[in-house]
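# Tertiary structure, described
Single-letter residue listing:
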Amino acid sequence: MKPTDISDPNYFHKVVDCQWACPAHTPVPEYIRLIAEKRYTDAYMINWHSNVFPGILGRTCDRPCEPACRRGRVEEEPVAICRLKRVAADYKSDIADRLPQVPTEKNGRHIALIGGGPASLTVARDLMPLGYEITLFEKDKLTGGAMRTQIPRFRLPGEVLDEELNYILQMGVNCRFGEEITSMRAILDEGYDAIFVGTGAPLGKWLDLPGHEEARDNIHTGIEWLASVAFEHISSIGKNVLVLGGGNTAMDCCRTSKRIGGEQVSVVVRSGFDEMKASPWEIEDAMNEDIPILNFHVPKRYITKNGKLVAMEFEKVRKEVDADGKRRLVPTGEEPATLACDDVLCAIGQENSFPWIERDLGIEFDQWEVPILNKSTFQSTHEKVFFGGDAALGPDNIITAVAHGHDAAISIHMLCEKQDISTRPNPITNLSSQKMGIHQWSYDNDISADLRFAVPHADKKKTLNDINIEVELGFDEQLAFNETMRCLNCDVQTVFTDKLCIECDACVDICPTDCISFTQNQNEPDLRRNLLAPADNEEQDLYVSDKLLTGRIMAKNEDLCLHCGLCAERCPTNAWDMHKYLFNTAKAENACQS
């Protein structure tokens, strides 16, 4: 193998697994260290720069960072990255003087945002400080998109939502609430320099079964029903409720039902428990509220009596895997299950909806009615029209929408500056030694042996009786500190200087995971197999040195490294050093700079 090029910004970025897994690439270890120092406002601003909504995401994020966390390789549970983000939001001071200044003199460019969700608001946040005039169209009376309409207040309090939305709106966004766009042609004719579509995936899917017509008044699509609850158009539901679906929307529907009149609320899923799409913690919260989940039940029909819904019938199935490894559900042969219900909530998926975009404007769609986009720039087949969030690539999550917004803002700025938007600005990186003495470091590598700390919850008797009482209380300062001490500082990298190495193998002897090997160079598959600890995860690179004095090379299995720094402490020649790697994705403010 060739020596590793550690100047490639993505090399060490990949090694910070949590940051690499985050769609917005938030510098996770950096803000966790600041929380440990009780520098909550600094930690909040690092988050705000990357993910825009730290208080919201600290409560509701799908947490792609946590399965990637290196702590999960040495014990069962990763660091509570998401809930530490909330700590920064809960304990920060006033950030008004830290927000970017918006120039009073505009740059002459006017951008339209259609839809007031996280993607659109991120575009506004990135472009307003550059002097853009921003007009936001939102069909509802308030902004926030799915953050407001699909996440119940017992998970995301209104004051937290409004605070973080207002940081952006108060930059001077021209808000046109209650104004639904019915024609893209009309918007294009207004002469905006660019248009960003962030309308989400607003259509819930129906389950059209026998009996649907008679029962339709008591059959609801999950996302639309949650929106009606959020805007207080609905305040009650029947005593017996069935929620169909196994995703996060289903979990929000069943827990909301329990708070507005549902006495017997059940979730019914076609698949097995282990195949449910909901986040494990969302499922756990629902089960902790005594909501049963019935698996391997396939809906067959709605049962009505005197024109009113009274029950649903389900076929019982089991999972079989054929010789090709394909999964299929086959009937068990048991009698159908009949479950009584007054209302049914269908949380079985959602779809994009663009009837308002005329098909002769040069904006092309694929066979699923999803816009055809450049997935790096988020530009559609019409030069001035961009998409982001669920409207771009289908239903996903808030943090992905934020990432889309950042990328689209870069593209819009480069378009307006008449630059090639396919040439993306480089990330902002910094690699700096943490050495303070011969074997002393500026970071604490005395990692706690504690298991993951549980987040305290409010009394269930209270939370189930008030839809506005937040269930999770969040970490207090002591619990937060204890949890930060579980972080392995994965952004503090082991950097090897081959010319200083005397091949004494001291680093090999002291490494707790056997991730360092001195060996003959080979092709990558053979080298991966022949390391002291074979490198089976091919998604993570090997760190390979140039040829050493004996003709051998140093090869490090980055996937196993715990960044403990023992190799650097033990090395007699300083061939190993610990360097902190700070990686920030470029934003619109970094584009178009000469």
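In this text the structure is predicted, and so the values were computed from the model without any measurement.

### Let's talk about the overall build of the protein
- The secondary structure content of the protein amounts to 22 helices and 22 strands.
- In summary, the protein has a C-alpha radius of gyration of 27 Å against a globular reference of 25 Å for 594 residues, a match within 12%.
- Its C-alpha atoms put the protein at 90 × 65 × 50 Å along the principal axes.
- When each of the 594 residues of the protein is scored for burial, the buried share is 55%.

### Looking at the packing of helix H13 (residues 222–230) against helix H14 (residues 248–259)
- Two elements in contact, H13 and H14, have axes whose closest approach is 10 Å; the angle formed by their N-to-C orientations is 45°. In terms of axis orientation, H13 runs oblique to H14. When you trace H13 past H14, the crossing you get is left-handed. Listed contacts from H14 to Gly 222, Ile 223, Trp 225, Leu 226 and Val 229 of H13 are Thr 249, Asp 252, Cys 253, Thr 256 and Ser 257.
- Counted by class, the contact of H13 with H14 contains 5 nonpolar, 4 polar and 1 charged residues.

### Regarding the sheet that holds strand E22 (residues 576–584)
- Spatially, the 3 strands line up as an open sheet ordered E17-E22-E18, and their pairing is antiparallel. This sheet does not close on itself; its edge strands, each paired only once, are strand E17 (428–433) and strand E18 (492–496). Mean inter-strand twist for the sheet, computed between neighbouring axes without regard to direction, equals 35°.

### Quick notes on the environment of Ala 146
- Residue placement: Ala 146 occurs in helix H9 (residues 146–149).
- By relative accessible area, which is 31% here, Ala 146 ends up partly exposed.
- For the pair formed by Ala 146 and Ala 227, sequence separation is 81 residues and the distance between their alpha carbons is 8.4 Å.

### Observations concerning the domain arrangement of the protein
- Each domain of the protein was delimited in the assignment, giving domain 1 (100–202 + 352–416), domain 2 (204–349) and domain 3 (492–588).
- A C-alpha centroid distance of 32 Å is found between domain 1 and domain 2.
- Taken together, the 12 residues of domain 1 in the interface contact 12 residues of domain 2.
- Both sides together, the interface formed by domain 1 and domain 2 hides about 1,000 Å², and carbon and sulfur atoms give 60% of it.
- Here domain 1 is connected to domain 2 by 2 salt bridges.
- Salt-bridge contacts for Asp 252 lead to Arg 155; the nearest nitrogen and oxygen are separated by 2.9 Å.

### Observations regarding the side chain of Gln 540
- Counting through the fold element by element, Gln 540 comes out in the loop between helix H21 (524–530) and strand E20 (542–544).
- Take Gln 540: its relative accessible area is 3%, and that puts it in the buried class.
- Setting aside chain neighbours within four positions, we find Gln 540 in contact with Lys 14, Val 15, Asp 17, Arg 70, Arg 528, Glu 558 and Asp 559.

### Some points on the state of the cysteines
- In this structure the tally under the stated criterion is 0 disulfides.
- Between Cys 571, a free cysteine, and Cys 504, which holds the nearest cysteine sulfur, the sulfur-to-sulfur gap is 6.2 Å.
- For Cys 571, a relative accessible area of 8% corresponds to the buried category.
- Sulfur of Cys 592: no disulfide; nearest cysteine sulfur belongs to Cys 416 and is 9.0 Å away.

### So, the packing of helix H7 (residues 81–91) against helix H19 (residues 477–484)
- Put simply, H7 and H19 touch, their axes get as near as 10 Å, and they point 140° apart. Handedness of the H7/H19 crossing: left-handed. Residues Leu 84, Val 87 and Tyr 91 of H7 touch H19, and the partners they reach there are Glu 477, Ala 480, Glu 483 and Thr 484.
- For the contact of H7 with H19, the residue count by class is 4 nonpolar, 1 polar and 2 charged.

### Topic: the packing of aromatic side chains
- Across all of its chains, the model carries 11 aromatic pairs by this definition.
- Ring plane angle 65° and centroid distance 5.1 Å describe the contact between Tyr 11 and Phe 12, whose orientation is recorded as edge-to-face.
- We classify Tyr 11 as buried; its relative accessible area is 4%.
- With a relative accessible area of 0%, Phe 12 lands in the buried category.

### A short note on the nonpolar core
- Grouped together as the largest cluster of nonpolar side chains are 96 residues, with contacts concentrated most on Phe 53, Met 184, Val 197 and Phe 387.
- In terms of residue count, the dominant contributor to this core is helix H17 (residues 398–416) (11 residues).
- In contact with Phe 387, not counting residues within four places along its chain, are Phe 196, Val 197, Phe 354, Ile 357, Ile 363, Pro 371, Leu 373, Phe 378, Ser 380 and Ala 392.
- Among the nonpolar cores identified, the runner-up in size contains 27 residues, and Val 15, Val 495, Cys 511 and Ala 575 belong to it.

### Examining helix H15 (residues 280–288)
- Within H15 the residues assigned to the buried category are Trp 281, Glu 282, Ile 283, Asp 285 and Ala 286.
- For H15, the secondary structure elements touched by its buried residues are H14 and strand E9 (293–294).
- One or two residues past the end of H15 sits Asp 290, with phi positive at roughly 65°.

What counts, and at which threshold
Residues numbered from 1 in each chain as written. Predicted model: local features only at pLDDT ≥ 70, side-chain atom pairs only at ≥ 80, totals over all residues. Heavy atoms only, no water. Helix = DSSP H or I, 4+ residues; strand = E, 2+ residues; numbered from the N terminus. Rg over C-alpha atoms; globule rule 2.2 N^0.38 Å. Buried < 20%, exposed > 50% of the residue type's maximum accessible area, 1.4 Å probe, protein only. Axes fitted to C-alpha atoms, helices over the stretch in contact; angles between N-to-C directions. Parallel < 35°, antiparallel > 145°, perpendicular 65-115°, else oblique. Left-handed = near helix turned anticlockwise from the far one by under 90°. Contact = heavy atoms within 4.5 Å. Nonpolar A, V, L, I, M, F, W, Y, C, P; charged D, E, K, R; others polar. Pairing = 2+ DSSP bridges. Domains from an automatic or database assignment. Buried area = accessible area lost by both parts, 1.4 Å probe. Salt bridge = Lys/Arg side-chain N within 4 Å of Asp/Glu carboxyl O. Disulfide = S-S within 2.5 Å. Phe/Tyr/Trp six-rings, centres within 6.5 Å; stacked < 30°, edge-to-face > 60°. Core = buried A, V, L, I, M, F, W, Y, C linked by side-chain atoms within 4.5 Å.

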